[in-house]
Every structure is written in C-alpha cells, then in structure tokens.
Amino acid sequence: MRRQSESLLLLPLLPIFLAGMFPMLLIGLLGFAGLALFGVLLICTGLASGIEARDAYSLDVITHGYAKRSERAVQASDLHAATRFAWLLEAAGIAVIITAVLGFLYFG
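These lines cover the structure that appears in this document, whether it is placed above or below. (Residues numbered from 1 in each chain as written. Predicted model: local features only at pLDDT ≥ 70, side-chain atom pairs only at ≥ 80, totals over all residues. Heavy atoms only, no water.)

The number of helices and strands found in the protein is three helices and zero strands. In sequence order, the protein lays out its α and β elements as α-α-α. The C-alpha atoms of the protein give 21 Å as radius of gyration, which overshoots the globular expectation for 108 residues (13 Å, by more than 25%). In terms of overall dimensions, the protein has a C-alpha envelope of 65 × 55 × 15 Å along the principal axes. Sequence-distant contacts in the protein: of pairs separated by 6 or more residues, those separated by 24 or more amount to 80%. (Helix = DSSP H or I, 4+ residues; strand = E, 2+ residues; numbered from the N terminus. Rg over C-alpha atoms; globule rule 2.2 N^0.38 Å. Contact = heavy atoms within 4.5 Å.)

Shown next, in the form of structure tokens:
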C-alpha cells in the first residue's frame, strides 16, 4: 500500500497563508508606520474585547435576570477579568505607538 503524504493536509491552508502574508509584509516594510499601525490594531482589539465582555454580561443579566449572590459574583469576576485583559491590550497598543513615534523621531 502506498502511504499518503502529510504535506497534502497543508494544501487547504495555502490560500489563508497567501492572503495573510501580504499584510504582514506590508507592516514590516512600512517600518515605524507599520509598528504604529500594529499598535492601532492592538487598541482596536482591546476595545472590541471590552465591549464584547460588557455585552455578554448585559445579555446574561437581561436574559436570566438578576441571579443569586454567588452567581452574580462569578459573573462580575468574569467581567472584570475580561475588561482587565482588554485594558492590557489597549495599554500595549499605546506603548507600541509611543515606541513607533519615538523610533521615528530618533532614527527617522
């Protein structure tokens, strides 16, 4: 019996790789502007994550009403953890933008 190659399993992923390759190359070729663009994308991701966490919390409260005290504590803890992660993403995005601006001013 002939054994099939495992590399054929990667063939369906080739279009995804080719589509994602060009934006990543563009960010690298833009230099400090690409770094700033990456920072803006991080901030957008953080904002979307925070909004999604608040939306899930509101939907749970609206759908199921106010739960018992212990369940409310779990829901609030989940909300705080998600918003904390979103805040960290936003802070990282701001740090990347500041790094890009300082790099442009210093090396540009």
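What follows picks up the thread again.
Glancing now at helix H2 (residues 32-64). Taking 1.5 Å per residue as the helical rise, H2 with its 33 residues ought to reach 48 Å, and the 48 Å between its terminal C-alpha atoms agrees with that figure. Regarding H2, the residues found buried are Gly34, Gly39, Leu42, Gly46, Gly50, Ala53 and Val61. Where H2 is buried, its residues meet helix H1 (14-30) and helix H3 (69-107). Phi turns positive, to about 75 degrees, at glycine 65, one or two residues after H2. (Expected span 1.5 Å × (residues − 1). Buried < 20%, exposed > 50% of the residue type's maximum accessible area, 1.4 Å probe, protein only.)

With that settled, consider the packing of aromatic side chains. In the structure shown here, the tally under the stated rule is two aromatic pairs. Taking 4.7 Å as the distance between ring centres and 80 degrees as the angle between the ring planes, the aromatic pair formed by tyrosine 106 and phenylalanine 107 counts as edge-to-face. Using a relative accessible area of 63% as the deciding quantity, one classes phenylalanine 107 as exposed. Three or more aromatic residues joined by ring pairs form one cluster here, namely Phe32, Tyr106 and Phe107. (Phe/Tyr/Trp six-rings, centres within 6.5 Å; stacked < 30°, edge-to-face > 60°.)

Looking now at the packing of H2 against H3. For the pair H2 and H3, interaxial distance at closest approach is 8 Å and the crossing angle is 165 degrees. With respect to H3, the element H2 is oriented roughly antiparallel. As for how H2 packs across H3, the hand of that crossing is left-handed. Looking at the contact of H2 with H3, its residues break down into 24 nonpolar, ten polar and three charged. (Axes fitted to C-alpha atoms, helices over the stretch in contact; angles between N-to-C directions. Parallel < 35°, antiparallel > 145°, perpendicular 65-115°, else oblique. Left-handed = near helix turned anticlockwise from the far one by under 90°. Nonpolar A, V, L, I, M, F, W, Y, C, P; charged D, E, K, R; others polar.)

Moving on to a nonpolar patch on the surface. On the surface, Leu8, Leu11, Leu14, Phe17 and Leu18 cluster together into a nonpolar patch covering about 500 Å² of accessible area. Note on placement: leucine 8 falls in the segment before H1. (Patch = residues over 30% accessible without salt bridge, like charges linked within 9 Å, V, L, I, M, F, W, Y side chains within 5 Å. Areas by Shrake-Rupley, 256 points an atom, 1.4 Å probe, with all protein chains shown as cover. Salt bridge = Lys/Arg side-chain N within 4 Å of Asp/Glu carboxyl O.)

Let us look at the environment of arginine 84. With respect to the helices, strands and loops of the structure, arginine 84 is situated in helix H3. For the pair formed by arginine 84 and glycine 50, sequence separation is 34 residues and the distance between their alpha carbons is 8.3 Å.

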